[in-house]
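# Coordinate inspection notes
Residues per chain are reported as follows:
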Amino acid sequence: MLPNQTRSTALTPCPPYRQRLLLAAALVAAAWGTAALAQGSVAPANSQVGSQPAVRVCVGDFPPYNSPRLPRMGPIFDLAQQAFQRAGYTMQAEFMPWARILKEGEEGRCLILGIWRNAARDQIFDYSSPLVEQELGFFVKRGSQKMTHNAETLRRLRIGVERGSYLPELLRDPGLQLDLASALNSNLRKLAKDRIDLAFGAKDAGLYMLAKEPELRARIDWLAPGLESKPTYLAFSRRDPQAEALRSAFEQGLAAMKADGSYRRLLKAAGLSPLP
């Protein structure tokens, strides 16, 4: 009962028109909440914001690591959320395009989940311990001749790469025939149709895409070993006055997960390789 409400008023039935208005408002609120969760704008644990300090985290849609389409928003999302919860924080995460992630993160408005290090970023951010490693390399057409990572061999091949993506040193050779596409899945389809000879990308991401398309999976293999492994981190902008405290808290939670085995179990259940 509300403070100013008498018992007789509380028992008075609502008029039919008011009942319809209340029902409509409830349906709109329920639909809004479902849509927000489906878009990944809010983490499932946000109901605890009132009792725990909240940490805003920016993250990209990159399955099988993070995505609003994955259970619990993906294993790396889940890992970060659990680590913060153990340290007494609630994680409020937002999925957004990578360019916006970098801008928000650099200005200290959010932490960045799933970032690679480079010299320029090291001037702006401090980092957590590595969360997982992403192996980069080639996908090949099944049954094709044995491929190598020899620079001379690569110059004779058509190599599909994502437009604007990171390239390891071996693929920066100006003599290479690079075929640009908007995404790895586009290059995998071109590979299956013999329009390119190799598709460069992240192993786990490519295998996730292939698992969704069995016909494509039957025609394409990962070429082992990969070219390079890139550790991914949680980044803390040095402009954020709370950055060091948050980093320390996160490390504490992550260390606890490694100590009790939950870090390893979480990643292995998702088909990812835990770090030592």
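Residues numbered from 1 in each chain as written. Predicted model: local features only at pLDDT ≥ 70, side-chain atom pairs only at ≥ 80, totals over all residues. Heavy atoms only, no water.

### Topic: the nonpolar core
Core analysis: the biggest nonpolar cluster contains 33 residues, and Val57, Phe84, Leu234 and Phe250 have the highest contact counts within it. Elements represented by at least two residues in this core include exactly strand S1 (54–59), helix H3 (75–86), strand S2 (90–95), strand S3 (111–115), strand S9 (220–237), helix H10 (243–260) and helix H11 (262–269). Ranked by size, the runner-up nonpolar core spans 28 residues in total, among them Phe138, Val161, Leu188 and Leu191. (Core = buried A, V, L, I, M, F, W, Y, C linked by side-chain atoms within 4.5 Å. Buried < 20%, exposed > 50% of the residue type's maximum accessible area, 1.4 Å probe, protein only. Helix = DSSP H or I, 4+ residues; strand = E, 2+ residues; numbered from the N terminus.)

### Let's talk about the packing of H3 against H10
Direction vectors running N to C along H3 and H10 enclose 105°, while the axes themselves pass 7 Å from each other. As summarised for this structure, H3 and H10 are arranged roughly perpendicular, according to the angle between their axes. Counted together, Leu79, Ala80, Gln82, Ala83, Phe84 and Arg86 of H3 and Leu246, Phe250, Gly253, Leu254, Ala256, Met257 and Asp260 of H10 form the full contact between these two elements. Tallied by class, the residues present in the contact of H3 with H10 amount to nine nonpolar, two polar and two charged. (Axes fitted to C-alpha atoms, helices over the stretch in contact; angles between N-to-C directions. Parallel < 35°, antiparallel > 145°, perpendicular 65-115°, else oblique. Contact = heavy atoms within 4.5 Å. Nonpolar A, V, L, I, M, F, W, Y, C, P; charged D, E, K, R; others polar.)

### Here we look at helix H4 (residues 98–106)
Listed as buried for H4 are Ile101, Leu102, Glu104 and Gly105. Where H4 is buried, its residues meet S1, S3, helix H5 (119–122), strand S4 (125–127) and S9.

### Overview of H11
For H11, the complete set of buried residues consists of Ser262, Tyr263, Leu266 and Leu267. The buried residues of H11 all sit within an arc of 125° when viewed along its axis, so they share a single face. Summarising the geometry of H11, the exposed residues directed more than 90 degrees from the buried face are Arg265, Lys268 and Ala269. In this fold, the buried residues of H11 make contact with H3, strand S5 (132–141) and H10. Just past H11, the residue Gly271 takes up positive phi, approximately 80°. (Arc of directions from axis to C-beta.)

### Brief notes about the packing of aromatic side chains
Taken as a whole and judged by the stated rule, the model has nine aromatic pairs. Measuring from centroid to centroid gives 5.1 Å for Phe139 and Trp222, while their planes differ by 70°, and the two rings are edge-to-face. Residue Phe139 is found in strand S5, and its partner Trp222 is found in strand S9; the two are separated by 83 residues along the sequence. Among the residues examined, Phe139 registers a relative accessible area of 0% and is labelled buried. Trp222 gets classed as buried once you look at its relative accessible area, which sits at 16%. Put simply, the rings of Phe84, Tyr89 and Phe250 touch in pairs and so form one group of aromatic residues. (Phe/Tyr/Trp six-rings, centres within 6.5 Å; stacked < 30°, edge-to-face > 60°.)

### Some remarks on the environment of Ile196
The topology assignment puts Ile196 in the loop between helix H7 (184–192) and strand S8 (198–202). Since its relative accessible area comes to 2%, Ile196 is described here as buried. Ile196 has contacts with Arg158, Gly160, Asp179, Asn187, Lys190 and Leu191, leaving out every residue within four places of it along the chain.

### Describing the confidence of the model for the protein chain
In the predicted model, the protein chain carries a mean pLDDT of 85, and 82% of its residues have values of at least 70. Confidence drops under a pLDDT of 50 for residues 1–49, and excluding neighbours within four residues, the segment shows 39 contacts in the predicted structure. (pLDDT = per-residue confidence, 0-100.)

### Re the environment of Gln123
Along the chain, the position of Gln123 falls in the loop between H5 and S4. Take Gln123: its relative accessible area is 63%, and that puts it in the exposed class. As a C-alpha pair, Gln123 and Ser237 span 114 residues in sequence and 9.5 Å in three-dimensional space.

### Some thoughts on the layout of surface pockets
Its boundaries defined by the atoms lining it, the largest pocket holds a volume of some 970 Å³. Along the walls of the largest pocket sit 38 residues, with Phe62, Trp98, Trp116, Gln134 and Glu162 positioned nearest its centre. Going through the elements one at a time, H4, S3, S5, S8, helix H8 (203–212) and S9 are the ones with two or more residues in the lining of the largest pocket. Of the residues that constitute the lining of the largest pocket, the class distribution is 21 nonpolar, ten polar and seven charged. One number sums up the size of the second largest pocket: a volume of about 160 Å³. If you trace the second largest pocket, you find it lined by Val132, Glu133, Gln134, Glu135, Lys203, Asp204, Ser229, Gly271, Leu272, Ser273, Pro274 and Leu275. When contributions to the lining of the second largest pocket are tallied by element, the ones reaching two or more residues are S5 and H8. For the lining of the second largest pocket, the leading source of residues is S5, giving four residues. (1 Å grid on protein atoms, 1.4 Å probe; cavity = no way out; pocket = protein on both sides within 12 Å on 5 of 7 lines; lining within 4 Å. Points joined across faces, edges and corners; volume = space filled by probe spheres on them.)

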